[in-house]
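Observations on the three-dimensional arrangement
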Amino acid sequence: MAKSRLQYASQDALSSSPRLREGEVPSRWTEYLNVEMTSPVEGAVQSSAGSHKGLNVQFAYELILVAEGLMAKMYRLNQILDYPDSAGHVFSEAFWKAGLFPNHPKICILLSKKFPEHHSRLQLERVDKIALDSLNDHAEVHLQSLEPWVLTEYVSAILGRLGKGQVIMDGLGLVLQELLEDLMLFREKALRLILDLSSTVITLLPHQNSLVLHAFMDLFCSFARVNLFAEKASPRNIPRKMLLQMYNLLHAMLRNDRDCDFYHRDLDVDAILISSVRLVQFIDSYDPPLKGLHEDLNFVSPRIGEVLEAVSPIIFLSADTRKLRNEGFLSPFHPRYPEILTNSAHPMRAEDLLNVTSYREWVLFGYLVCPGELLRVSSIDIALVVLKEHIVLTLFRDEVSSNGYPFKCAWSWFTILRLVDVQYISLHEDYQLYVLPRILESKKLAKSGRTRQKEGDMEYSLAKQVAKMIREVHDQALLSCDTIHRERRTLLKQEIGRMVLFFTDQPSLLAPNIQMVFSALGLAQSEVLWYFQHVGISSSKSKATRILPANIDPTDPTIGFLLDGMDRLCSLVRKYIAAIRGYVLSYLSSCAGRIRFLLGTPGMVALDLDTTLKGLFQKIVQHLENIPKPQGENISAITCDLSGLRKDWLSVLMIVTSARSSINIRHLEKATVSTGKEGLLSEGNAAYNWSRCVDELESLLSKHGSLKKLYFYHQHLTIVFRNTMFGPEGRPQHCCAWLGIASSFPECALTIVPEEVTKFGRDAVLYVESLIESIMGGLEGLINILDSEGGFGSLEMQLFPEQAATLMNLTTRISIHPAKSPKGLSGLHLPGYESYPEYSDSIKMLEAAMQRLTNLCSVLNDMEPICVLNHVFVLRESMRECILGNFRRRMLSVLKTDNDLQRPSVLESLLRRHIIIIHLAEQHISMDLTQGIREVILTEAFSGPVSSLHLFEKSEEQHTGSATEAVCNWYIDNIVKDLSGAGILFAPLHKCFKSTRPVGGYFAESVTDPRELQAFVRVFGGYGVDRLDRMVKEHTAALLNCIDTSLRANREVLEAVAGSIHSGDRIERETTMKQIIDMDTVVGFCIQAGQAITFDCLLAEAAGIVLEEGAPLIRSLLAGVARPLPDELPERKEIRRLRRVANGVGITADHDSEWVRLILEDVGGATDGSWSLLPYLFASFMTSNIWNTTAFNVDTGGFNNNIHCLARFA
């Protein structure tokens, strides 16, 4: 069945509104008005507002707040219902589980599709008989679930007079109606007030009557927003048809099929019955919403057109960036006379630019709901300028209108947006679907000759141009909107940068130019919000099926500059807030004399003002004359409330701008402008605006400089930050601005949704943490770039002596281009190569990285702590943790190469290079990073109590430094134990170990050379030496245990050998020696022990050399104390400890004997008698087969099987 449309005139709707007095709001609307009022008319007097001669502007701003509250409630309902697609009748599982509607999709969807047909005609039993029976059985429960959204002011009367029987279900059923009734009531009251203002306000020129103009147009836009947001055919709307139809069905079930539309008007139910009928009419009249808006606002359309023409010069000016730059509208300097510091060339235009964002919004909404005004001569240019700059139209929070479809802006850099199988199209589709048909209809009427020939031709020509513009502007917007806004952002970046420099140098000139500062902040705020609203938006092109993304650069660095500029400008204003107030107080004091003079002019006397106006003007003069005079340094202590001044001036405007008043605004202008000075209205408006800089300066700064709405794009903020912050045009100082905006995110939370405060605060904290993580990642990246082989590593390239000699010979003999190395020396550069142009890029890269590193450290160090709810982020602490954590990771990463362990000398060189970079950053940080470096190195080197220094007992669980553990294990496994079988041999001539093949990536001499061991000592210090010494001791102790076992097993044989040696019986001696068990194995144990003793001796010598280099006095002290130590048994603990320390740094004369004795003391074998047979065991070694393969190597000064290490152990 075709859906019928209930037509009725707007005047009929107004006449049937509830019986509430003009300017009165329903009691339940107080929840919308409890929010902080930010309108410029707060506190306006109610006496003049309710006067028959005045305009109720205060009520207009109350309705604007009600509109915000209604949209907030709809936003919350959409969240609960999981954003249903009522147009396509697609509802998610979460929608039915929300509990608001019965979980019977077939019936609910059918009721919605057939709206406004009555449910009795739909034969629901054939659709789903089981669901219908369930609805009958549980109708009462379903109505109760709707209670939070329905309960109206009429329910209390019903409950009170009819009791809690069957009729109570009627009252609970009204839960579903409350939001719809509020929307309907708001529509009626707002329409009445818009009509009243439109018909009674004499002038709405922005320079004469800006306060009333903004109240009127803001109410107009709020009215359009609410209705577009409430019932757009989109994936983001309230299922109003289903909601009302289901209510009527449940109501009929509980009232014996009596339809609520035809109830008898008994008791208090009369109001409910009327409301139900009107709700159906209201919903049907706004389907689709733009057609309803066209009908409702048709009577104010001419006035809207006049307003848009009046503000068009400012819109054209804001679009002309070249004129803004050349004429200096946003510059503190005079454009033609730079020596004049204060810009007095365009003071009014600078203030007008403050409202240009609102003007553009008026144009978008105005021509959308009043399409007939596009047929004015100048309207096509106005609409073209604005439409070419926009693709979407913001309705509420991050909800935007696109083809009438409010949707949450999804983010996609390079892909086309498709969400929930819905193709989102641009704002221009609204114009093509709803505005263009009206224009074509006007064109058709003009062509048919229903008007006079001349006027018809003009209207036809205009309609033809407008239609062409609407068809073509969409493509122009997709291609040029980013270019237009990027140029504007570049202009603002330059002008705000100049402002910051100028006002920092000349702070006394900040106050006279404060309006210009607010204009710059407002424009920058608008551009930043526009950017995040449009990046990633995709739009359909005309009627084609393809989808085109807006051509917007997601890596535009101007965003960071704007955020930083706004932050610095706001900081300057807050810093000099006392000086600004002092300047404004002085201006207002001088304004009192000018206004008194204007009131006494002959023109004003001739007007014969009535008592009300005279009294208001006198009160205004008294307010200005009673302003305290700022004196010296007491300005900050002055507290001045000028709300009374603004209240009285607003009362004057309410009267003189009304056509009902005998004295209007035009009379006042004619009576005062003849003086040759500013007129009375200009002086009063200026005083009103400047007075807000005294007691509302912080709120003005928050209004124009706050970016709290970026919360709804906080995930996108992180992406843009990462793309721009560390790009070629990124600036480290921008970090503060990116982080600072998070503190205002919780302010976006709705009062009617308490959990949003927690959620928004948590999101703000996560945003800050994410940005800090990115910043610290960039800081690490800069440090690692400088620490790479292409960074400082390229400046440390060293040649071996033979390579250097060859290069010097070649350089002196022939001239070779530095890019070409001699044959056999590829990769080696000749001296002076870095001075050639082809190598300058690497030097520039180093300089840029160093500059960016120092700037970033300086900025983060100076940044104030960031407070988000109860979280405080101190960037200095994060930076310290980042730098030291990166140093620790770098230390662990360079320990090993691709093949094996890094050489200690190379490890030392790499760590020194990294520490140099940290010291470079430390110069710009007010924290001690050197101490942190020591802590990191100690953490990685410390391996528990040092046995020879600490008095306490060693714990069972040693705290082992991972770095030291890795290095020491490698030395033990590969050098001391030779587990890889590389043939480790000690070379006495070179005082190092050698190997027959590489151990990992190096030969043994490359890691056991005295210089390498000294580098190991310098890196890991005494803790590393003690750890390696202890591990060698453990290995040697195990070998000594094996030798001890062999001594015990061969005790009788060795005693016999000793006897034969002393008796001189050669035959018996040889016979007895052959009886020794596993002689070759014992020889191997002894050689290994001697090898370990040799390695520890080299380590002790290296430690002694390093100690002498770094602390020669301590080494001298140890040497002096160790010499006279008495050889007494048993030794005292103090003497034993000193002896161990001296032996550990190679000071004692006989390191090997002392070290073995210490080991035997530790294992408890020093007093064992079996060790007395050790010399006889060594004598028996001469009969071992090992000598058959032994050969002396003159190059190393030792034997090929390391048997010379026996001397160490012996």
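Since we're looking at a predicted model, the values are computed, not measured.

1. Some thoughts on the overall build of the chain
In terms of helices and strands, the chain carries 51 helices and 11 strands. Here the contacts in the chain between residues at least 6 apart in sequence split such that 76% fall between residues at least 24 apart. Entry remark: accessible area of the chain is about 53400 Å², with carbon and sulfur atoms responsible for 53%.

2. As for helix H30 (residues 665-672)
Taken residue by residue, H30 has Ile-665, Leu-668, Glu-669, Ala-671 and Thr-672 as its buried positions. Projected down its long axis, H30 carries its buried residues within an arc of 170 degrees, all on one side. On its buried face, H30 sits against helix H26 (577-599), helix H27 (602-607), helix H28 (611-625), helix H29 (643-656) and helix H31 (680-695). Capping of H30 at its N-terminal end is provided by Asn-664; its side-chain oxygen lies 3.0 Å from the backbone amide nitrogen of Arg-666.

3. Topic: the pattern of salt bridges
In this structure the tally under the stated criterion is 35 salt bridges. In this structure, Arg-574 and Glu-698 form a salt bridge, with 2.9 Å as the shortest nitrogen-oxygen distance. One end of the pair, Arg-574, is in helix H25 (residues 558-575); the other, Glu-698, is in helix H32 (residues 697-705), with 124 residues separating them in the sequence. On the accessibility criterion, Glu-698 (37% relative accessible area) is partly exposed. Linking Asp-648 and Lys-619 is a salt bridge whose minimum nitrogen-to-oxygen distance equals 3.6 Å. Taken together, the residues span a long stretch of sequence, with Asp-648 in helix H29 and Lys-619 in helix H28 at a distance of 29 residues.

4. Regarding a nonpolar patch on the surface
A cluster of nonpolar side chains, namely Leu-1117, Val-1121 and Leu-1138, defines an oily patch on the protein surface of about 240 Å² accessible area. Here Leu-1117 shows up in helix H47 (residues 1112-1122). Its relative accessible area of 57% is what places Leu-1117 among the exposed residues.

5. Things to note about the nonpolar core
Leu-297, Phe-532, Leu-710, Trp-738, Leu-779, Tyr-971 and Phe-1020 are the most contacted members of the largest nonpolar core, which has 334 residues in total. In contact with Leu-297, not counting residues within four places along its chain, are Leu-191, Ile-194, Phe-220, Phe-223, Val-369 and Cys-370.

6. Some remarks on unusual backbone geometry
Of note, Asp-978 is a non-glycine position whose phi angle comes to about 55 degrees, a positive value. Relative to the assigned elements, Asp-978 resides in the loop between helix H41 (962-976) and strand E8 (985-987). One non-glycine residue with positive phi stands out, namely Lys-991, at about 55 degrees. Tracing the backbone through its elements, the reader meets Lys-991 in the loop between E8 and strand E9 (992-994). We classify Lys-991 as partly exposed; its relative accessible area is 44%.

7. What to know about the environment of Asp-1096
By the element assignment, Asp-1096 lies in helix H46 (residues 1079-1110). Spatially, the C-alpha atom of Asp-1096 lies 8.6 Å from that of Lys-1033, the residues being 63 residues apart in sequence. When neighbours within four sequence positions are excluded, Asp-1096 is seen to be in contact with Asp-1029, Val-1032, His-1151 and Trp-1155. A distance of 3.1 Å separates polar atoms of two side chains, one belonging to Asp-1096 and the other to Trp-1155.

8. A closer look at the packing of H30 against H31
Between H30 and H31, the shortest axis-to-axis distance is 7 Å and the interhelical angle comes to 105 degrees. Comparing the axis directions of H30 and H31 gives the class roughly perpendicular. Counting all contacts with H30, which are made through Ile-665, Leu-668, Glu-669 and Thr-672, the residues of H31 involved are Leu-680, Leu-681 and Ser-682. For the contact of H30 with H31, the per-class residue count stands at 4 nonpolar, 2 polar and 1 charged.

9. Quick look at the packing of H29 against H31
Look at H29 against H31: their axes get within 9 Å of each other, and the N-to-C directions meet at 150 degrees. Judged by the angle between their axes, H29 and H31 are roughly antiparallel. Handedness of the crossing formed by H29 with H31: left-handed. Here Ser-643, Leu-645, Arg-646, Trp-649 and Leu-653 of H29 come into contact with H31, specifically with Leu-680, Leu-681, Gly-684, Asn-685, Ala-687, Tyr-688, Ser-691, Arg-692 and Asp-695.

10. Focus: the packing of aromatic side chains
Within this structure, the stated rule accounts for 20 aromatic pairs. Measuring from ring centre to ring centre gives 6.3 Å for Phe-712 and Phe-760, while their planes differ by 85 degrees; the resulting arrangement is edge-to-face. Placement of Phe-712 in the loop between H32 and helix H33 (714-725) and of Phe-760 in helix H35 (residues 755-786) is noted, with a sequence separation of 48 residues between them. Given the relative accessible area of 16%, Phe-712 is considered buried. When the ring of Phe-1192 is compared with that of Phe-1199, the centres are 5.4 Å apart and the planes differ by 75 degrees; the resulting orientation is edge-to-face. Residue Phe-1192 is classed as partly exposed on the basis of its relative accessible area of 49%. Classification of Phe-1199 as partly exposed rests on a relative accessible area of 27%. Members of the aromatic cluster, each reached through a chain of ring pairs, are Trp-970, Tyr-971, Phe-986, Phe-993, Phe-1016, Phe-1020 and Phe-1095. The lysine or arginine in question, Lys-493, covers the ring of Phe-561, its NZ or CZ lying 4.1 Å from the ring centre. Seen from the ring of Tyr-587, Arg-594 lies directly overhead, with NZ or CZ sitting 5.3 Å from the centre.

11. A closer look at the environment of Lys-575
With respect to the secondary-structure elements, Lys-575 resides in helix H25. Residue Lys-575 is classed as exposed on the basis of its relative accessible area, which comes to 60%. With 68 residues separating them in the primary sequence, Lys-575 and Pro-507 have C-alpha atoms 9.6 Å apart.

12. So, H32
Note on helix geometry: an α-helix contains 3.6 residues per turn, so any two residues three or four positions apart are oriented the same way. For H32, the complete set of buried residues consists of Leu-697, Leu-700, Leu-701, His-704 and Gly-705. For H32, the arc enclosing every buried residue in end-on projection is 105 degrees, short of the 170-degree limit, so these residues lie on one face. Tucked inside the fold, the buried residues of H32 contact helix H24 (514-534), H25, H26 and H31.

13. Overview of the environment of Arg-596
Along the chain, the position of Arg-596 falls in helix H26. With relative accessibility at 40%, the residue Arg-596 sits in the partly exposed group. Between the alpha carbons of Arg-596 and Val-621 there is a distance of 6.7 Å; along the sequence they are 25 residues apart. Residues contacting Arg-596, with those up to four places away along its chain left out, are Gln-618, Val-621 and Glu-625.

14. Looking at the confidence of the model for the chain
For the chain, per-residue confidence averages 76 on the pLDDT scale, and residues scoring 70 or more make up 74% of the total. Counted against residues more than four places away or in other chains, residues 541-547, with its pLDDT under 50, gives 15 contacts. Counted against residues more than four places away or in other chains, residues 816-826, with its pLDDT under 50, gives 15 contacts.

15. Considering the side chain of Asn-513
Along the chain, Asn-513 turns up in the loop between helix H23 (453-505) and H24. Separated by 2.9 Å, the side chain of Asn-513 and the backbone oxygen of Leu-509 make a polar contact.

How each quantity is defined
- Counting from 1, residues in each chain are numbered in the order their sequence is written.
- Predicted model: local features are reported for residues with pLDDT of at least 70 only, side-chain atom pairs are reported and counted for 80 or more only, and whole-chain, interface and lining totals are derived from all residues.
- Only hydrogens and water are removed before side-chain values are computed, so all heavy atoms of the structure are retained for them.
- Helical segments are the DSSP runs of H or I of at least four residues, strand segments are the runs of E of at least two, and each set is numbered from the N terminus.
- We call two residues contacting when some pair of their heavy atoms lies within 4.5 Å.
- Shrake-Rupley sampling with a 1.4 Å probe provides the accessible areas, and residues are treated as covered by the protein chains on show and by no other component.
- Only protein chains enter the accessibility calculation, which uses a 1.4 Å probe. A residue is then buried if its area is under 20% of the maximum for its type, exposed if over 50%, and partly exposed in between.
- Think of the arc as the fan of directions from the helix axis to the C-beta atoms.
- We define a polar contact as two N or O atoms separated by no more than 3.5 Å, with the added condition that, inside protein, one atom must be a possible hydrogen donor and the other a possible acceptor, whereas residues neighbouring each other in sequence contribute only through side-chain atom pairs.
- We count a salt bridge whenever a side-chain nitrogen from Lys or Arg sits within 4 Å of a carboxyl oxygen from Asp or Glu.
- Only residues whose relative accessible area exceeds 30% and that take part in no salt bridge are eligible for patches, with like-charged residues grouped when within 9 Å of each other and nonpolar side chains (Val, Leu, Ile, Met, Phe, Trp, Tyr) grouped when within 5 Å.
- Put simply, buried Ala, Val, Leu, Ile, Met, Phe, Trp, Tyr and Cys residues joined by side-chain atoms within 4.5 Å make one nonpolar core.
- To define axes, lines are fitted to C-alpha atoms, for helices over the stretch in contact only, and angles between the resulting N-to-C directions are given on a 0 to 180 degree scale.
- What sets the label is the angle itself: under 35 degrees gives roughly parallel, over 145 gives roughly antiparallel, 65 to 115 gives roughly perpendicular, and the rest give oblique.
- In this count, Pro and Cys sit with the nonpolar residues alongside Ala, Val, Leu, Ile, Met, Phe, Trp and Tyr, while Asp, Glu, Lys and Arg are called charged and the others, Gly among them, polar.
- Throughout, a crossing is termed right-handed when the near helix is turned clockwise from the far one, and left-handed when it is turned anticlockwise from it by less than a right angle.
- When the centres of two rings from Phe, Tyr and Trp lie within 6.5 Å, Trp using its six-membered ring, the rings pair. Their planes under 30 degrees apart give stacked, over 60 give edge-to-face, and anything left gives tilted.
- Definition used: whenever NZ (Lys) or CZ (Arg) falls within 6 Å of the ring centre and also within 35 degrees of the ring normal, the charge is taken to sit over that ring.
- Known as pLDDT, the predictor's per-residue confidence is scaled from 0 to 100.

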